[in-house]
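Survey of secondary and tertiary structure
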Amino acid sequence: MAETPYFVSYPEAMEILKCHPLHLSTEHVSLDDAFHRILSQDLESKVNDPRFDNSSMDGFAFRFQDSISPPTSLDVIQTIQAGTSLPQTTVETGQAARIMTGAPIPKGADAILPIEKCRVDEEKSTVILLEEGKKHFIRKQGENLRRGHIALHQGDILNPSSIGLCATMGHPSVPVFSKAKIGIISTGDELKFPGEKLSENDIYESNSFGLSGLVRLSGHEAKRYDSVVDSLDELRDKLDIASQECDLILTSGGVSMGDWDLVRKLIEEEGDIKFWRVKIRPGSPPLFGYWNGKPLFGLPGNPASSHVVFRMLVAPYLRHSTHGGFQERKIRVQLAERFKTDENFLVLRRIKIDMSGDKILAYSTGYQGSGNLNSLVLADGLTLLEPGHSGEIGTWCEALLL
Ligand code: AMP
Ligand code: MG
């Protein structure tokens with residue numbers, strides 16, 4: 001244990017994790033299966049967007065000069081719909097083309113007036129423009145994206161709008177990282193599956209379910225194992241199975257200082273431990289190491305801590321391994337009440353962020369005990385109160401958006 005980095009600062013923990021990334025293979029998936037997948041390559045547009053100058057309004061296209069002293073009467077010479085080929089007829093002075101949204105702009109025309117600003121005489125095939133034409137209702141070729149432009153990047157997690165953009169750019173399928181299969185093992189004699197009959201000192205096991213959600217939120221695949229009792233042999237067997245079946249292992253519980261903290265004991269004595277304990281509060285017990293060559297995070301057993309440590313260590317680790325991934329969103333908040341801080345620890349309080357006024361204010365969601373999941377459910381952020389921060393009302397800090 002002498003050489004194991006012990007009680008490292010948060011930045012030190014991140015540096016160690018960066019040296020041991022997961023190596024994931026890549027695959028191609030169709031756009032139908034691309035939601036929440038992580039791009040493994042930059043993606044460039046195969047087309048200009050828009051492909052050609054087109055109208056953003058239903059109305060008339062004409063020469064701007066013809067419209068500068070409304071009302072103006074113009075002869076309607078053609079109708080152009082979206083999807084029809086570019087009309088060969090040029091719009092000359094005194095002429096207009098009826099045009100639909102998305103339809104190509106005919107030669108000669110350089111302005112549009114929406115239909116509601118026009119009076120049409122069908123019999124005479126004329127239109128009276130009631131206002132000056134608008135040049136900005138012409139969407140110019142390539143104004144959104146030029147062919148070859150990289151609009152999505154390796155590591156981006158694909159959301160509904162970015163999937164739409166993949167299609168706009170002409171990609172029927174996209175290169176993504178294969179999902180990491182992440183095994184989740186809870187440890188503790190007292191743990192029972194939710195709903196099971198509880199003996200006097202039992203509690204319902206919750207961490208594996210919460211962690212499984214966090215794994216999927218990160219874009220990966222969770223494999224939840226039944227919890228194991230506090231026995232070195234059972235834990236060793238479960239870790240052996242998980243290390244064969246998974247790319248990464250998360251355990252919860254058993255990493256503190258107690259005699260029954262067997263995860264720590266096992267990784268220390270039979271695995272390969274890279275650090276143990278991190279100066280964050282809550283959640284100081286975690287360890288990172290390897291079991292049978294597979295990376296492993298030993299997360300604390302306290303439910304709020306296991307969640308917070310996933311957010312602070314595991315999520316960035318996965319993100320680093322996929323060159324981006326699950327985007328961490330931070331915001332600067334002003335403390336609306338006094339928060340307990342620490343000289344040496346990064347303090348992660350569960351907060352409600354109020355943006356309804358002209359300030360961005362952070363309120364505690366209540367009792368911050370590391371076993372209290374309820375105050376985490378009420379939270380939409382975690383403070384990132386740096387070591388030595390005063391925590392006084394009115395001071396500022398960064399917060400992680402949950
Ligand atoms: P440990 O880290 O094993 O000492 O556990 C710390 C606290 O978290 C204890 O009160 C445990 O009962 C509780 N705990 C541990 N694992 C879980 C779990 N999977 N679900 C809910 N509570 C847990
Ligand atoms: Mg325990």
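Check the entry above for the structure.
A few points on the structure. Owing to the predicted nature of the structure, the values given are computational and were not obtained by experimental measurement. (Residues numbered from 1 in each chain as written. Chains lettered and ligands numbered in written order. Predicted model: local features only at pLDDT ≥ 70, side-chain atom pairs only at ≥ 80, totals over all residues. Heavy atoms only, no water.)

1. Focus on the overall build of the chain
Quick note on the threshold: Under the scheme used here, helices are H or I runs from DSSP no shorter than 4 residues and strands are E runs no shorter than 2 residues, and both carry numbers assigned from the N terminus. This radius of gyration counts C-alpha atoms alone. The globule rule is 2.2 Å times how many residues there are, raised to the power 0.38. Burial status follows relative accessibility: with a 1.4 Å probe on protein chains alone, a residue under 20% of its type maximum counts as buried, one over 50% as exposed, and anything between as partly exposed. Contacts between residues were defined by any pair of non-hydrogen atoms, one from each residue, lying within 4.5 Å. Methods summary: accessible areas were calculated by the Shrake-Rupley approach with a probe of 1.4 Å, and residue burial reflects only the protein chains presented. Think of it this way: Lys and Arg go in the positive column, Asp and Glu in the negative one, and His and the chain ends go nowhere. In this description, the location of a charge corresponds to atom NZ of lysine, CZ of arginine, CG of aspartate or CD of glutamate.
Scanning the chain from terminus to terminus reveals seven helices and 28 strands. Relative to the globule expectation of 21 Å for 402 residues, the C-alpha radius of gyration of the chain, 30 Å, shows a markedly less compact shape. A principal-axis box enclosing the C-alpha atoms of the chain has dimensions of 95 × 50 × 45 Å. In the chain, which comprises 402 residues, the share counted as buried stands at 48%. Of the contacts made within the chain by residues no fewer than 6 positions apart, 69% connect residues no fewer than 24 positions apart. Total accessible area on the chain is roughly 19,300 Å²; 49% of this is exposed by carbon and sulfur atoms. Side-chain charges of the chain comprise 43 positive and 54 negative groups, with the mean position of each set lying 4 Å from the other.

2. Some remarks on the site of ligand 1
Applied cut-off: Any residue with at least one heavy atom within 4 Å of a molecule or strand is counted as near it. Whenever a nitrogen or oxygen atom comes within 3.5 Å of another N or O atom, the pair is scored as a polar contact, on the condition that within protein one atom can donate a hydrogen and the other can accept it, and that pairs from neighbouring residues in sequence are kept only if both atoms are in side chains. The nonpolar class holds Ala, Val, Leu, Ile, Met, Phe, Trp, Tyr, Cys and Pro. Asp, Glu, Lys and Arg form the charged class, and all remaining residues, Gly among them, are polar.
Surrounding ligand 1, one finds 16 residues, the nearest of these being Glu190, Glu205, Ser206, Gly254 and Gly301. Between ligand 1 and glycine 254 there is a distance of 3.0 Å, counted from an oxygen atom to a backbone nitrogen or oxygen. The contact in question runs from an oxygen atom of ligand 1 to an N or O atom on the backbone of asparagine 302, over 3.2 Å. In the complex, 76% of the free accessible area of ligand 1, which totals 480 Å², lies under the protein chains. Its residues assigned to classes, the shell around ligand 1 shows four nonpolar, nine polar and three charged.

3. Regarding helix H5 (residues 262-270)
Of the positions making up H5, those classed as buried are Leu262, Val263, Arg264, Leu266 and Ile267. On its buried side, H5 packs onto helix H4 (232-245), strand E18 (248-252), strand E19 (272-278), strand E21 (287-291) and strand E22 (294-299).

4. Examining H4
To keep it simple, the criterion reads: By definition here, a helix of n residues has an expected span of 1.5 Å times n minus one. Think of the arc as the fan of directions from the helix axis to the C-beta atoms.
Given a rise of 1.5 Å per residue, 14 residues ought to cover 20 Å, and the 20 Å separating the end C-alpha atoms of H4 matches this to within 8%. By the burial criterion, the buried members of H4 are Leu235, Lys238, Leu239, Ala242 and Ser243. For H4, the angular spread of the buried residues around the axis is 135°, confining them to a single face. Contact partners of the buried residues in H4: strand E14 (181-186), E18, H5, E21 and E22.

5. Considerations on the pattern of salt bridges
Inclusion rule: Salt bridges, as used here, are contacts in which a Lys or Arg side-chain nitrogen is within 4 Å of a carboxyl oxygen on Asp or Glu.
Applying the stated criterion to the full structure yields 18 salt bridges. Put simply, glutamate 15 and lysine 18 hold a salt bridge, and the shortest N to O gap is 3.6 Å. Of the two residues, glutamate 15 and lysine 18 both sit in helix H1 (residues 10-18), three residues apart, roughly one turn of that helix. Glutamate 15 gets classed as partly exposed once you look at its relative accessible area, which sits at 44%. The partner of arginine 63 in a salt bridge is glutamate 92, with the nearest N and O atoms 3.7 Å apart. With arginine 63 in the loop between strand E5 (59-62) and strand E6 (72-80) and glutamate 92 in the loop between E6 and strand E7 (95-99), this residue pair connects regions lying 29 residues apart in the sequence. On the basis of relative accessibility, which here comes to 25%, the residue arginine 63 falls in the partly exposed class.

6. Comments concerning the packing of helix H3 (residues 207-217) against helix H6 (residues 303-321)
Rules: In this description, a line fitted to the C-alpha atoms serves as the axis of each element, helices being fitted only across the stretch in contact, and the angle between N-to-C directions of two axes falls anywhere from 0 to 180 degrees. Between 65 and 115 degrees an angle is taken as roughly perpendicular, under 35 as roughly parallel, over 145 as roughly antiparallel, and anywhere else as oblique. In this scheme, a crossing is called left-handed if the near helix is turned counterclockwise away from the far one by less than a right angle; it is called right-handed if the turn is clockwise.
Two numbers describe how H3 lies on H6: the axes approach to 10 Å, and their chain directions differ by 20°. Taken together, H3 and H6 sit at an angle that is classed as roughly parallel. Both H3 and H6 take part in a crossing whose hand is right-handed. Across the interface between the two elements, Asn207, Leu211, Leu214, Val215 and Leu217 of H3 pack against Pro303, Ser306, His307, Phe310 and Arg311 of H6. A breakdown of the residues in the contact of H3 with H6 according to their chemical character gives six nonpolar, three polar and one charged.

7. Remarks on the packing of aromatic side chains
The following threshold applies: Note on aromatic contacts: the rings of Phe and Tyr and the six-membered ring of Trp form a pair at centre separations within 6.5 Å, being stacked when their planes are under 30 degrees apart, edge-to-face when over 60 apart, and tilted otherwise.
Within this structure, the stated rule accounts for nine aromatic pairs. Taken together, a centroid distance of 5.7 Å and an interplanar angle of 85° make the contact between phenylalanine 7 and phenylalanine 345 edge-to-face. In this pair, phenylalanine 7 is assigned in strand E1 (residues 6-8) and phenylalanine 345 in the loop between strand E23 (330-335) and strand E24 (346-347), connecting sequence segments 338 residues apart. Residue classification places phenylalanine 345 among the buried residues on the basis of a relative accessible area of 9%. On the basis of an interplanar angle of 55° and a centroid distance of 4.9 Å, the ring pair of phenylalanine 288 and phenylalanine 297 is categorised as tilted. Like phenylalanine 288, the residue phenylalanine 297 is buried in the burial classification. Put simply, the rings of Phe275, Phe288, Tyr290, Phe297 and Tyr317 pair up and form one aromatic cluster.

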